[in-house]
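Chain and residue survey
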Amino acid sequence: MSRAGGARVLRAAGRTATAWRNGGGVTREIAARPEGAGIADFAWRASLAEVAADGPFSAFPGVDRTLTLAEGAGMDLTVAGAHRLVGERYAPQDFAGDEPTDCRLLDGPVVNFNVMYRRDAARADTAVVRGRLALDARAGETLLIVALEGPADLEPAEGPAVTLGPYDAVLAEGPFTALVRTSGRAALVRFRERPGRSGPPGGPGARPPA
């Protein structure tokens, strides 16, 4: 792990794949709060999910999700009985993690960028950008930048610049100011934790299967 202007650089090569219980794919966690939290006690969590087969998504009571298709033709989801087509890459889609969700792959495996956050503990806003953008995180905010397509260059106001390869990430605690440049696509997630909350009580649980 390296640093860029006080932010942590999280390289894709260092992530461990966790298989889903239903055998339909694997998840690679990018970051979570609290760090090292499991299914029972995360306030927020960002990951990459490789979906290889049709099947149900795991239910996460009290959790909202933002799913962004990064690779593949897409999915036809059924969320609480309603169809939800996820067929456009780099277009974040929000849905409730506690609603029954079934997945049918449109044409082979996909890779999704997945953000989850507990409604009573945090808020997360996800955008996908390209080109040149100034970033500014205030005190109390956390900013996650993930290169989804092609490399991305991050130039912090203080400290050295860093180049992110595919699926590399930077995690920055506010206050933080930087410039990001990419000719591909980069995901930007702004997390705001609710005062006095960092996830539900209890010790760490098992890793989420999806």
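Residues numbered from 1 in each chain as written. Predicted model: local features only at pLDDT ≥ 70, side-chain atom pairs only at ≥ 80, totals over all residues. Heavy atoms only, no water.

**Overview of unusual backbone geometry**
- Here the bond from Arg33 into Pro34 is cis, since omega is -5 degrees, no more than 30 degrees from zero.
- Looking along the chain, the bond that leaves Gly174 and enters Pro175 is cis, with omega of 5 degrees.
- We note that Ala80 has phi near 55 degrees; this positive angle belongs to a residue other than glycine.
- On the secondary structure map, Ala80 appears in the loop between β8 (75–79) and β9 (82–86).
- Phi is positive for Tyr167, which is not a glycine, with a value near 70 degrees.
- Relative to the assigned elements, Tyr167 resides in the loop between β16 (162–164) and β17 (169–173). (Helix = DSSP H or I, 4+ residues; strand = E, 2+ residues; numbered from the N terminus.)

**Let's talk about the sheet that holds strand β12 (residues 110–118)**
- If you trace the 6 strands from one edge of the open sheet to the other, you get β3-β4-β5-β12-β7-β10, paired in antiparallel fashion. This sheet does not close on itself; its edge strands, each paired only once, are β3 (17–19) and β10 (93–96). The sheet shows a mean angle of 30 degrees between the axes of neighbouring strands, direction not considered.
- Bridge analysis of strand β5 (residues 44–51) against β12 gives 8 bridges, and the strand direction is antiparallel. Bridged to Glu50 within β12 is Val111. (Pairing = 2+ DSSP bridges. Axes fitted to C-alpha atoms, helices over the stretch in contact; angles between N-to-C directions.)

**Observations concerning the nonpolar core**
- Counting residues in each nonpolar core, the largest one holds 24 residues, and the members touching the most others are Ile30, Phe113, Leu144, Val146 and Leu148.
- Residue assignment for this core shows that the elements contributing at least two residues are β4 (25–33), β5, β12, β13 (122–137), β14 (141–149), β17 and β18 (176–193).
- Broken down by element, the residue count for this core peaks at 4 residues, all from β12.
- Contacts of Ile30, omitting those with residues within four sequence positions, involve Leu10, Arg15, Ala46, Ser47, Leu48, Phe113, Leu144, Val146 and Ala169.
- Judged by nonpolar contacts, the second largest core, of 19 residues, contains Ala7, Leu143, Val180 and Leu188. (Core = buried A, V, L, I, M, F, W, Y, C linked by side-chain atoms within 4.5 Å. Buried < 20%, exposed > 50% of the residue type's maximum accessible area, 1.4 Å probe, protein only. Contact = heavy atoms within 4.5 Å.)

**Some thoughts on the pattern of salt bridges**
- Counting across every chain of the model gives 15 salt bridges.
- Across the pair Arg123 and Asp125 runs a salt bridge, and its minimum N-O distance is 3.0 Å.
- Note on Arg123: relative accessible area 40%, which makes it partly exposed.
- Here Glu149 and Arg185 are joined by a salt bridge, their closest N and O atoms 3.5 Å apart. You can see Glu149 sitting in strand β14 and its partner Arg185 sitting in strand β18, a full 36 residues away along the chain.
- Within the structure, one salt-bridge network assembled from shared partners comprises Arg123, Asp125, Glu141, Arg190 and Arg192. (Salt bridge = Lys/Arg side-chain N within 4 Å of Asp/Glu carboxyl O.)

**A closer look at the pairing of β9**
- Across 5 bridges, β8 lies against β9 in antiparallel orientation. If you follow Asp76 over to β9, its bridge partner there is Leu85.
- The turn joining β8 and β9, which pair antiparallel and follow one another in sequence, is formed by 2 residues; a positive phi near 55 degrees is taken by Ala80.

**Brief notes about the packing of aromatic side chains**
- Here the structure, examined in full by the defined rule, presents 3 aromatic pairs.
- Arranged with centres 6.4 Å apart and planes meeting at 80 degrees, the rings of Trp20 and Phe57 form a pair that is edge-to-face. Of this pair, Trp20 sits in the loop between β3 and β4 while Phe57 sits in the loop between β6 (55–56) and β7 (63–71); the two residues are 37 residues apart in sequence, bridging distant segments of the chain.
- Judged by relative accessible area, which is 8%, Trp20 ranks as buried.
- Seen in terms of ring centroids, Trp44 and Phe191 are 3.8 Å apart; in terms of plane orientation they differ by 15 degrees. Their pairing is stacked. Of the two residues, Trp44 is situated in strand β5 and Phe191 in strand β18; the sequence distance between them amounts to 147 residues. Phe191 shares its class with Trp44; the two are buried.
- Sitting over the ring of Phe42, Arg118 keeps its end group 4.3 Å from the ring centre. (Phe/Tyr/Trp six-rings, centres within 6.5 Å; stacked < 30°, edge-to-face > 60°. Lys NZ or Arg CZ within 6 Å of the ring centre and 35° of its normal.)

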